[in-house]
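Here are the chains, one letter per residue:
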Amino acid sequence: AFLGMLLLLSMGWSVTRPNLTKREEKTFWGALVLYLVFGVLHSLCETPSLCQGYQLAFYIVRIVITFGIIVAVNTNVERLRQGHILDLSRPDSPTVLFLKLKLFTNVRLVFFVCLVLPIVLMLIDLTVLSWDQQWVAVLLQEALFLGAYSILAQTVQEYITLMPAVVESAVEDDE
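Residues numbered from 1 in each chain as written. Predicted model: local features only at pLDDT ≥ 70, side-chain atom pairs only at ≥ 80, totals over all residues. Heavy atoms only, no water.

(A) A look at the packing of helix H3 (residues 48–82) against helix H4 (residues 94–127). Where H3 contacts H4, the axes come no closer than 10 Å and their chain directions differ by 155°. Between H3 and H4, the interaxial angle falls into the category roughly antiparallel. For the pair H3 and H4, the crossing hand works out as left-handed. Here Thr-66, Ile-69, Ile-70, Val-73, Asn-74, Asn-76, Val-77, Leu-80 and Arg-81 of H3 come into contact with H4, specifically with Leu-97, Lys-100, Leu-101, Phe-104, Val-107, Arg-108, Phe-111 and Leu-115. (Axes fitted to C-alpha atoms, helices over the stretch in contact; angles between N-to-C directions. Helix = DSSP H or I, 4+ residues; strand = E, 2+ residues; numbered from the N terminus. Parallel < 35°, antiparallel > 145°, perpendicular 65-115°, else oblique. Left-handed = near helix turned anticlockwise from the far one by under 90°. Contact = heavy atoms within 4.5 Å.)

Below is the structure:
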C-alpha cells in the first residue's frame, strides 16, 4: 500500500493535477496488480524452485516500480522548480509552487530513506548486533519506518491544510 501511494504521489496525482492520464492509470494498475500477484504467489508457494521464481519476479516488479517512482518524482520536482506544470489551465502562485515543491521534496526524502534504511540496518545487524540482540534490529527498523511515515503524513497534512487557504487567497487577489 505504501509503495502504491508513493507511486501515485510521485506521478503528481492530486498534487499537480486532479487526474492521471489513461496511460499513467494503466501503468499504475498494471504495476500494482503484478506486484500483488507475485507477492501472493510467493507467499502461497510450496515448491522451492517455483517459490524462487515468484520471489525473483516480485523483486523485479518492485525494482521497476521503484525506478518509476524515482523518475516521476524527479520529473515533477524539476517542473515545479521551473515554475510550471503543463497540465494546469492557469499558472500557480509562487506560494502554491513552494508547497508542491516541498511535498515532492519530502516524498523524495522519505523514499530515499526507505530505500537505504534496510541496507544500513542489515549492516548494523551483521556487524554490531549479536544473536541475543536481534530485537534491537527489529526495533530500529520499525522506529525508523515509523519516523519516515510520520514525516510523509505531516507533509501531506500540511499540504492539505494550507492549500485551500492559499488558493482562496489567490482567487481573492485576482478579483
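And the narrative resumes.
(B) Representation of the layout of surface pockets within the structure. Roughly 540 Å³ of volume is contained in the largest pocket. Forming the boundary of the largest pocket are 17 residues, of which Leu-3, Arg-62, Thr-66, Cys-114 and Leu-115 lie nearest the centre. Going through the elements one at a time, helix H1 (2–10), H3, H4 and helix H5 (134–174) are the ones with two or more residues in the lining of the largest pocket. Considering every element that reaches the lining of the largest pocket, the biggest residue donor is H4, with six residues. In terms of residue class, the lining of the largest pocket is built from 15 nonpolar, one polar and one charged. Approximately 440 Å³ is the volume attributed to the second largest pocket. Along the walls of the second largest pocket sit 19 residues, with Met-11, Glu-24, Thr-27, Gly-68 and Ala-72 positioned nearest its centre. At the level of secondary structure, the elements contributing two or more residues to the lining of the second largest pocket comprise H1, helix H2 (22–44) and H3. The element contributing the most residues to the lining of the second largest pocket is H3, with nine residues. (1 Å grid on protein atoms, 1.4 Å probe; cavity = no way out; pocket = protein on both sides within 12 Å on 5 of 7 lines; lining within 4 Å. Points joined across faces, edges and corners; volume = space filled by probe spheres on them. Nonpolar A, V, L, I, M, F, W, Y, C, P; charged D, E, K, R; others polar.)

(C) Structural context of a nonpolar patch on the surface. A cluster of nonpolar side chains, namely Ile-70, Leu-109, Phe-112, Val-113, Leu-115, Val-116 and Val-120, defines an oily patch on the protein surface of about 520 Å² accessible area. Per-element tally for the nonpolar patch: the top contributor is H4, with six residues. Relative to the helices and strands, Val-120 resides in helix H4. (Patch = residues over 30% accessible without salt bridge, like charges linked within 9 Å, V, L, I, M, F, W, Y side chains within 5 Å. Areas by Shrake-Rupley, 256 points an atom, 1.4 Å probe, with all protein chains shown as cover. Salt bridge = Lys/Arg side-chain N within 4 Å of Asp/Glu carboxyl O.)

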